Amino acid sequence: MRINDMVKEAHETAKSKGWWDEEKSFGEVIALMHSELSEALEEARAGNDVNVTYYECKNPQACPDDQCVCGACWSDRPNKCKFAKPCGIPSELADCVIRIFDACGRYGIDLEQAIRVKMEYNKNRPYKHGKKF
C-alpha cells in the first residue's frame, strides 16, 4: 500500500467514526497529533521498551470465554479478541502517523510527494544544519 492510499484510508476511517462531524481548527488537528507523541513519552516514562506492544482488553465483560483472557495474557494472544487494544510506544507512534494521514486526507495534502521533496532536500543540507543539537 502506498502512503497516499493509507492517507485516504485513515481519513475515511476517521470520518466514519465521527472525528470530522464537527469541523476542527488546524491548530486543534496539530494538537491531536502532538497528544499522541505525548502518550508515547508517557509510555517511555512508565519504563516501557520502545519495541514492545502490549494489549489491554477494553471490554472484558463482552468477551466470550473462549476468546478472551484478560490482563497480562494479551501480549501472547493479541488477535484473539476484537476488544484487545494495542498499547505501547509503537502504537502511540502509529496513532500520531494515523492522525497525520487523516489531516492530509482532510486538507488534500499529497503527503507522499511532500515526503519525497523533503527527503531530497535534506540530502543537501549541511551537517546538523549548522546547529549544535
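Quick look at the structure, then. (Residues numbered from 1 in each chain as written. Predicted model: local features only at pLDDT ≥ 70, side-chain atom pairs only at ≥ 80, totals over all residues. Heavy atoms only, no water.)

## Section: the packing of aromatic side chains
Working step 1: Applying the stated criterion across every chain, the model contains 2 aromatic pairs.
Working step 2: Ring centres of Phe26 and Tyr107 lie 5.5 Å apart, and the angle between their planes is 70 degrees; this geometry places the pair in the edge-to-face category. Of this pair, Phe26 sits in helix 2 (residues 26-45) while Tyr107 sits in helix 3 (residues 89-107), placing them 81 residues apart in sequence.
Working step 3: Classification of Phe26 by relative accessible area gives partly exposed; the value is 46%.
Working step 4: In this structure Tyr107 comes out as partly exposed when scored by relative accessible area, which is 31%.
Working step 5: Lys24 extends its terminal NZ or CZ atom over the ring of Trp20, reaching a point 5.2 Å from the ring centre.
Working step 6: The ring of Trp20 is capped by Arg106, whose NZ or CZ atom sits 5.6 Å from the centre of that ring. (Phe/Tyr/Trp six-rings, centres within 6.5 Å; stacked < 30°, edge-to-face > 60°. Helix = DSSP H or I, 4+ residues; strand = E, 2+ residues; numbered from the N terminus. Buried < 20%, exposed > 50% of the residue type's maximum accessible area, 1.4 Å probe, protein only. Lys NZ or Arg CZ within 6 Å of the ring centre and 35° of its normal.)

## Examining the layout of surface pockets
Working step 1: Within this model, the largest pocket holds a volume of roughly 390 Å³.
Working step 2: Along the walls of the largest pocket sit 13 residues, with Thr13, Ala94, Asp95, Ile98 and Arg99 positioned nearest its centre.
Working step 3: Only helix 1 (3-16) and helix 3 provide two or more residues apiece to the lining of the largest pocket.
Working step 4: Class assignment of the residues belonging to the lining of the largest pocket gives a composition of 6 nonpolar, 2 polar and 5 charged. (1 Å grid on protein atoms, 1.4 Å probe; cavity = no way out; pocket = protein on both sides within 12 Å on 5 of 7 lines; lining within 4 Å. Points joined across faces, edges and corners; volume = space filled by probe spheres on them. Nonpolar A, V, L, I, M, F, W, Y, C, P; charged D, E, K, R; others polar.)

## A short note on the nonpolar core
Working step 1: Among the nonpolar cores identified, the biggest contains 6 residues, and these are Ala14, Trp20, Val29, Met33, Cys96 and Ala103.
Working step 2: Counting residues per element, the ones that place at least two in this core are helix 2 and helix 3.
Working step 3: Excluding residues that lie within four positions of it along the chain, Trp20 makes contacts with His11, Ala14, Lys15, Val29, Asp102, Arg106 and Tyr107.
Working step 4: Formed by 5 residues, the second largest nonpolar core is a distinct cluster that contains Ala10, Phe101, Cys104 and Leu111. (Core = buried A, V, L, I, M, F, W, Y, C linked by side-chain atoms within 4.5 Å. Contact = heavy atoms within 4.5 Å.)

## Brief notes about empty space enclosed by the protein
Working step 1: In total, this model carries 1 cavity of 30 Å³ or more according to the counting rule given.
Working step 2: Taken as a whole, the largest cavity spans an internal volume of roughly 70 Å³.
Working step 3: In this structure, the largest cavity is lined by Trp19, Trp20, Lys24, Val29, Leu32, Met33, Arg99 and Asp102.
Working step 4: When residues of the lining of the largest cavity are traced back to their parent elements, those giving at least two are helix 2 and helix 3.
Working step 5: Per-element accounting of the lining of the largest cavity gives the leading share, 3 residues, to helix 2.

Take it as geometry only, folks, not as evidence of what the structure does.
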